[in-house]
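# Coordinate analysis (summary)
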Amino acid sequence: MTQQKQKHVNLRIPGPTPVPDDILAAVAHPMVNHRGKEFAGVVERVTQRLKHFFVTEQDVMVLSCSGTGGLEAAVVNVLSPGDKVLAVSVGAFGDRFAQIAEVYGANVIPLNYEWGQAAHADDVRKALKADPEIKAVLVTHNETSTGVTNPLAQIAEVVREFDRLVVVDAVSSLGAIPLEMDAWGLDAVVTGSQKGWMVPPGLAFVAMSERGWRAFDTAKMPRFYFDLGKHRDAQAKGQTPFTPAMSIFFGLDVALIRMGDEGLESIHTRHRRMGEMTRREIKALGLQLLCQDERYASDTVTAVKCPEGIEVSAIRGMMEDEHNTVLAGGQAKMSGKIFRVGHLGLVEEEDIRETMDALAQTLEKLGFKR
Ligand SMILES: Cc1ncc(COP(=O)(O)O)c(C=O)c1O
């Protein structure tokens with residue numbers, strides 16, 4: 001039983017996700033010397049175990065920042081101002097990725113899709129063919145704002161054909177749904193602790209391929225805190241270049257054992273089950289998914305169109321006040337149009353069941369007619 005469940009809070013947002021009691025207890029570990037032996041053990045274990053989840057032989061660097069910091073790190077460590085990048089965006093986080101590159105002076109070529117749709121490898125091929133100067137492709141694996149999972153393996157395959165860099169926002173996918181960094185040929189992969197990892201916010205994990213590290217050698221965008229060379233060198237000594245969010249490291253140490261015990265495949269299968277169950281139940285209530293083509297529906301978050309005549313805020317308010325169930329709203333242009341159900345990290349059928357029962361009662365109370 002998690003503490004969340006004991007308090008009967010059903011936190012169904014796509015991060016931060018519920019943190020199990022054993023991990024919460026680990027987060028309360030007393031402070032030690034961050035350059036001492038005990039903490040070096042934590043750094044070594046955590047970075048070693050993360051490789052298994054990234055399915056990579058490369059170093060995984062743990063940065064003390066949220067996921068966005070990790071995305072910024074990925075951008076500034078492989079690119080130079082003026083570099084052309086193709087920014088594939090299917091929602092708010094794809095837009096953010098493009099914006100980071102733009103702020104640092106990249107020449108961003110947008111490849112935008114309607115929100116609710118997935119990106120297509122063929123479009124990426126066309127764009128790369130049309131402009132041989134494009135150096136890198138930025139792509140979101142799982143778009144949390146719309147509940148869409150892009151066909152990353154196929155997109156990466158195309159980028160490999162052209163021998164460009166593929167830089168991936170895997171913040172709300174890695175550790176929950178399949179992603180194989182080395183086999184898929186991904187050059188930079190970023191995720192965040194508060195998503196599938198069942199750990200509080202505060203850490204981002206970033207790994208780079210050999211191609212990524214070669215790009216690092218010549219990349220000229222400014223970098224200091226996020227200089228991955230500094231992080232790689234410090235980690236080799238069981239340290240971080242700057243004082244890390246130690247409490248979250250302690251939690252992550254326990255989380256990765258827990259995830260290892262469950263096993264990568266079982267974790268993926270459980271998320272698939274949660275995604276399918278959520279979509280099935282949402283449709284059974286007479287509601288519509290934002291992602292109409294379910295081949296691309298996310299197994300970590302589901303975006304639901306708000307029915308006509310009912311306010312998203314009314315649904316979310318009643319769910320929270322009367323059922324202790326917390327849903328997310330829509331972001332940016334989807335604000336007021338959709339609500340989102342998170343189902344990643346610590347989640348089982350009973351959590352989805354509870355959510356759907358509460359939603360059915362809420363909709364009835366708000367006068368929803370199918
Ligand atoms: C796909 C995706 N990218 C980036 C982020 C940004 O991460 P953070 O809020 O940890 O900076 C999020 C967080 O919701 C996300 O879901």
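First, a word on what this report is: a plain description of the structure on this page. The numbering scheme is per chain: residues are counted from 1 as the chain's sequence reads. Selection of residues for local features in this predicted model requires a pLDDT of at least 70, selection of side-chain atom pairs for listing and counting requires 80 or more, and totals for whole chains, interfaces and linings are taken over all residues. Working from all heavy atoms in the structure, the side-chain values ignore hydrogens and water.

Near the ligand, the surroundings consist of 14 residues, among which Ser-66, Thr-68, Thr-144, Asp-169 and Lys-195 are the closest. Between the ligand and the protein, one listed contact pairs an oxygen atom with a side-chain N or O atom of Ser-66 at 2.5 Å. Here a polar contact is recorded for every N or O atom pair within 3.5 Å, except that within protein the pair must consist of a potential hydrogen donor and a potential acceptor, and residues adjacent in sequence are included only if both atoms are side-chain atoms. A distance of 2.5 Å separates an oxygen atom of the ligand from a polar atom in the side chain of Thr-68. Surface accessibility in these figures is a Shrake-Rupley result with a 1.4 Å probe; residues are shielded only by whichever protein chains are displayed. Protein coverage of the free-state accessible area of the ligand, which is 390 Å², stands at 88%. Elements are defined by DSSP. Helices are runs of H or I of four residues or more, strands are runs of E of two residues or more, and each kind is numbered from the N terminus. If you list the elements that add at least two residues to the shell around the ligand, you get helix H4 (67-78) and helix H5 (92-103). For the shell around the ligand, the leading source of residues is H4, giving three residues. Residues are grouped as follows: Ala, Val, Leu, Ile, Met, Phe, Trp, Tyr, Cys and Pro are nonpolar; Asp, Glu, Lys and Arg are charged; all remaining types, including Gly, are polar. Looking at the shell around the ligand, its residues break down into three nonpolar, eight polar and three charged. Residues are labelled near a given molecule or strand when at least one of their non-hydrogen atoms is within 4 Å of it.

Relative accessibility thresholds used throughout: buried, under 20% of the residue-type maximum; exposed, over 50%; partly exposed, between the two (1.4 Å probe, protein chains only). Among all positions of helix H6 (residues 121-130), only Ala-121, Val-124, Ala-127 and Leu-128 are buried. When H6 is viewed along its axis, its buried side chains cluster within an angular range of 120 degrees and face the same direction. For H6, exposure combined with an orientation more than 90 degrees from the buried face picks out Lys-126, Lys-129 and Ala-130. Only heavy atoms enter the contact rule, under which two residues are in contact if any of them lie within 4.5 Å. Of the surrounding elements, those touching the buried residues of H6 are strand S3 (84-89), strand S4 (107-112), strand S5 (134-140) and helix H7 (152-161). The arc in question is the one traced by the directions running from the helix axis out to the C-beta atoms.

Side-chain rings of Phe, Tyr and Trp (the six-membered ring for Trp) are treated as a pair once their centres are within 6.5 Å; stacked means planes under 30 degrees apart, edge-to-face means over 60, and tilted covers the remaining angles. Under the counting rule described, the total for this entry stands at eight aromatic pairs. Ring geometry for Phe-39 against Phe-250: centres 5.7 Å apart, planes inclined by 80 degrees, an arrangement best described as edge-to-face. Taken together, the positions of Phe-39 in helix H3 (residues 37-54) and Phe-250 in helix H11 (residues 246-262) put the pair 211 residues apart, joining distant regions of the chain. Taking relative accessible area as the criterion, Phe-39 reaches 1% and is therefore assigned buried. Judged by centre distance (5.3 Å) and plane angle (80 degrees), the ring pair of Trp-197 and Phe-205 falls under edge-to-face. For the pair Trp-197 and Phe-205, one class covers both residues: buried. Aromatic ring contacts, followed pair by pair, group Phe-224, Tyr-225, Phe-226 and Phe-242 into a single cluster. Taking NZ or CZ as reference, Lys-230 lies 3.9 Å from the ring centre of Phe-224, over its face. Charges are assigned to positions over rings by a cutoff of 6 Å between ring centre and Lys NZ or Arg CZ, combined with an angular limit of 35 degrees from the ring normal. Above the plane of the ring of Trp-213 lies Arg-232, whose end atom (NZ or CZ) is 3.7 Å from the centre.

Before going further, it helps to examine the packing of H4 against H5. Two elements in contact, H4 and H5, have axes separated by 10 Å at closest approach and are oriented at 50 degrees. For the element pair H4 / H5, the angle class is oblique. Handedness of the crossing formed by H4 with H5: right-handed. Between H4 and H5, the residues in contact are Thr-68, Leu-71, Glu-72 and Val-75 and Arg-96, Phe-97, Ile-100 and Ala-101, respectively. For the contact of H4 with H5, a count of residues per class yields five nonpolar, one polar and two charged. Every axis in this analysis is a line fitted to C-alpha atoms, fitted for helices over the stretch in contact. Angles between the N-to-C directions lie between 0 and 180 degrees. Any angle between 65 and 115 degrees counts as roughly perpendicular, while under 35 counts as roughly parallel, over 145 as roughly antiparallel, and the rest as oblique. Handedness of each helix crossing follows the sense of rotation of the near helix against the far helix: counterclockwise by less than a right angle gives left-handed, clockwise gives right-handed.

In short, shape yes, function no, at least from these values alone.
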